[in-house]
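Take a look at the letters that make up each chain.
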Amino acid sequence: MDKRISNQQNGLVNTADDDSNDESENGETEDEKWQDVNSKKSDLPSEYWHAQKLIKYIKAGNQTATVISLACMKDEDLTVDTTLAAIRDIKGLEILINLLETKVHKCVLGSLQILCELSRNHAVQKEITNLGAVQLLVQLLKGPEPQFQCLAANTIANLAKVSKARKIVRMCGGIPIMVDLLDVPKRLLVTPRPSLTENELKIISVVSGCAKALWALSQSHKNKEEMRHAGCVAILGRFLSSVHEDIVAYTLGTIDECSSEKSYQYDIQHEGMIRDMVQFLSAENANLKKHCASAIFKCAEDRTTRRLVREQGGIESLVALVKQESCRSDKSLVSAATGAIWKCAMSSENVQRLDELEAIAVLVDLLQYEDEEVLKNVAGALAECAKIDHNRSNIFQTGGIEALVGLLNMTNKDLLENVTKVLGECANEMECMKRIEELDGVRLIWSLLKNKSTTVQASAAWALVPCINNSEDSGEMVRSLVGGLELIVSLLRSESEEVLASVCSAIAHIAQDTENLAVITDHGVVPLLCNLVETNKEILREHLALAIANCCKWNKNCYEFGRLGAVSPLVSYLGSKQKSVHRSTALALHRISEDPFNCVTLHQSGVVPYLLVMIASSDEILQEASAGCLWNIRKLALAIETLK
């Protein structure tokens, strides 16, 4: 008889020694202990005591008694709290885990079956992990017995919900072992289970367990990398053509988890998985559709993926999903599908396909959905669609403006960011802008400048630019917002470059109204703008220069910009590679050169060669501004020569 089993006869793996120590120290036998427990727990149901009795037999019985007790324990309802408490109280988990190290097939099998069932309970998972079960389970994966491998893999899948267990599997080298077990002949994957032999069914069961375990393990970033290095991606691609739905479901779950990684996104394209995922969008199984939509959502940040989704008919499938009333009750499915539509809409060709499918009306209807994640995705998709003129009218005609303005009262920062984006795009359409004003939307957008999120602040500021441009009386509208001008000027102290760029753009348009320019000047806009001129960010340079150009129109602001040292840094902007920066900088320098002292600084800073080149530009605004600046510099030079 195996040494471990012989130890069981005296109390499984040195347990008897521990008990004898307890007896000598406490002066009471094991039975006396049980009597004490019974007296304290007399109100517990009979199932509790029955479970504890079975554990005692497993612990103290001979090999035959252990096997019979394991069989009886397996037939118990191991999901009931009473049974779980009984096992925990008598330290039954330690006993079951110890059995995994024995050489007796039936003992290991019975223990695995019970642990696999117990590990479904979240409260037990951490305890099993802490008792060292994961290392033993990984060792069983290396063995030749398919039944052990299957149960061990399924138990690991349950335990892998605990981060510590996921780490231990990786540290023990369990991931490459499971990937190797997945590498089976394709014939087994495409043959239905009833047509497989008994041995082949065992292999498929192992594959199913390992696929499930890898899905659970893929919640860890390091595990994802380990899986990729072990060659998991190519195998996952093969599994998508399997006829076994459970394997396909676990595979898609893993792909869904891993598709957040850039490296996996390229591999998913390369292995041709996009076509298979698009096909599963039409499957009857809601989980398959959800995982596919979610994976497309994550991968569609890439232009190539967006093209592949369109070419494989994915746009039609996604729109059909969100149209179905039967699917709308599944929030996670609708969230994944709308997210995929949003990301796919980042390509104008996909927007055109959405137009053909009349998707705007469907998306606007979803603005009434109760889930904020869905609302965020829908708003993001509408923001992309609204970049095309006729879609703004479609949003207006389907009641989208009212729904979007209503969402400005929400608190979800991602949702607010997308809602302000779509309203900003819609504000370029006069009828939309008029409706936004009627609904007090501009005030609500302006109030978002006080939001703690810098992304919301930036998005709100960008949205205000078309609102100011297209309002019938933008000057009066801005002045009617109490404290609004002071608020937007104060944001020039922000540490976020995106906020600074968007606020500079808004200030550039606010400054076109003389009264508003006077107010923001009193609030110190000039020195705050001067503090930003040393930036190297092109987007900030573009809008900062335009803000300076428009702020020069008031009183002594032009002189102040020169006094505060803004002139020389502005000249360096002309070395940019972006024409939009050249244009706004030339406009700023033209305004600044109206002050004679600034003309001297401009000349000394070497601006003339830049301006001579830009006079030849095909951009008429750039031409005119460059020529005007040169004329002011030359006019000062002529005046000096005349005086001499």
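Keep in mind it's a predicted model, so treat the numbers as computed, not measured.

**Considerations on the side chain of Asn-557**
One can find Asn-557 in helix H41 (residues 557-563). Assessed through its relative accessible area of 4%, Asn-557 is described here as buried. Among residues more than four places away in sequence, those in contact with Asn-557 are Leu-517, Thr-521, Val-526, Cys-551 and Cys-552.

**A look at helix H7 (residues 92-99)**
With six of eight residues buried, H7 is to be regarded as a mostly interior element. When we look at burial in H7, the residues that qualify are Gly-92, Leu-93, Ile-95, Leu-96, Ile-97 and Leu-99.

**Examining the packing of helix H40 (residues 538-551) against helix H43 (residues 579-592)**
Contact geometry for H40 and H43: axes closest at 8 Å, N-to-C directions at 30°. With respect to H43, the element H40 is oriented roughly parallel. Regarding H40 and H43, the two cross each other, and that crossing is left-handed. Together, Glu-538, Arg-541, Glu-542, Ala-545, Leu-546, Ile-548 and Ala-549 of H40 and Ser-580, Val-581, Ser-584, Thr-585, Leu-587, Ala-588, Arg-591 and Ile-592 of H43 make up the contact between the two elements. A breakdown of the residues in the contact of H40 with H43 according to their chemical character gives eight nonpolar, three polar and four charged.

**A few points about the side chain of Thr-83**
Residue placement: Thr-83 occurs in helix H6 (residues 81-89). Those residues in contact with Thr-83 that lie beyond four places of it in its chain are Ala-51, Asp-77 and Leu-78.

**Let's talk about the environment of Val-422**
Checked against the element boundaries, Val-422 lands in helix H31 (residues 413-426). Judged by relative accessible area, which is 0%, Val-422 ranks as buried.

**Concerning the nonpolar core**
Among the nonpolar cores identified, the biggest contains 223 residues, and Trp-446, Ile-520, Leu-529, Ile-548 and Phe-561 are the most heavily contacted of them. Leaving out residues up to four positions away in the same chain, Ile-520 has contacts with Leu-485, Val-489, Ile-507, Ile-510, Ala-511, Val-525 and Cys-551.

**A few points about the confidence of the model for the protein**
Chain-level statistics for the protein give a pLDDT mean of 90 and a share of 93% at 70 or above. Counting contacts from residues 1-40, a segment whose pLDDT is below 50, to residues more than four positions away or on other chains yields 49 contacts.

**Thoughts on the packing of aromatic side chains**
Counted according to the given criterion, the structure contains three aromatic pairs. Measuring from centroid to centroid gives 6.2 Å for Phe-297 and Trp-342, while their planes differ by 40°, and the two rings are tilted. Linking Phe-297 in helix H21 (residues 286-299) with Trp-342 in helix H25 (residues 331-344), this pair joins segments that are 45 residues apart in sequence. Taking relative accessible area as the criterion, Phe-297 reaches 18% and is therefore assigned buried. Taking NZ or CZ as reference, Lys-343 lies 4.0 Å from the ring centre of Trp-342, over its face.

**Considerations on the state of the cysteines**
Across all of its chains, the model carries zero disulfides by this definition. Note on Cys-232: no disulfide assigned, nearest cysteine sulfur contributed by Cys-258 at a separation of 6.7 Å. For Cys-258, a relative accessible area of 1% corresponds to the buried category.

**Details of helix H17 (residues 232-239)**
Where burial is concerned, most of H17 is hidden: six out of the eight residues are buried. Looking only at H17, the buried set comprises Cys-232, Val-233, Ile-235, Leu-236, Gly-237 and Phe-239.

**Description of the pattern of salt bridges**
On inspection of all chains with the given rule, the structure shows 29 salt bridges. In this structure, the salt-bridge partner of Arg-307 is Glu-311, at a minimum N-O distance of 3.1 Å. Of the two residues, Arg-307 and Glu-311 both sit in helix H22 (residues 303-311), four residues apart, roughly one turn of that helix. Judged by its relative accessible area of 48%, Glu-311 is partly exposed. Lys-387 serves as the salt-bridge partner of Glu-384, at 3.1 Å between the closest nitrogen and oxygen. Among the residues examined, Glu-384 registers a relative accessible area of 14% and is labelled buried. Residue Lys-387 is classed as partly exposed on the basis of its relative accessible area of 48%. What you see here is one network of salt bridges that share partners, running through Glu-476, Arg-479, Asp-513 and Glu-515.

About the criteria used
- Residues numbered from 1 in each chain as written.
- Predicted model: local features only at pLDDT ≥ 70, side-chain atom pairs only at ≥ 80, totals over all residues.
- Heavy atoms only, no water.
- Helix = DSSP H or I, 4+ residues; strand = E, 2+ residues; numbered from the N terminus.
- Buried < 20%, exposed > 50% of the residue type's maximum accessible area, 1.4 Å probe, protein only.
- Contact = heavy atoms within 4.5 Å.
- Axes fitted to C-alpha atoms, helices over the stretch in contact; angles between N-to-C directions.
- Parallel < 35°, antiparallel > 145°, perpendicular 65-115°, else oblique.
- Left-handed = near helix turned anticlockwise from the far one by under 90°.
- Nonpolar A, V, L, I, M, F, W, Y, C, P; charged D, E, K, R; others polar.
- Core = buried A, V, L, I, M, F, W, Y, C linked by side-chain atoms within 4.5 Å.
- pLDDT = per-residue confidence, 0-100.
- Phe/Tyr/Trp six-rings, centres within 6.5 Å; stacked < 30°, edge-to-face > 60°.
- Lys NZ or Arg CZ within 6 Å of the ring centre and 35° of its normal.
- Disulfide = S-S within 2.5 Å.
- Salt bridge = Lys/Arg side-chain N within 4 Å of Asp/Glu carboxyl O.

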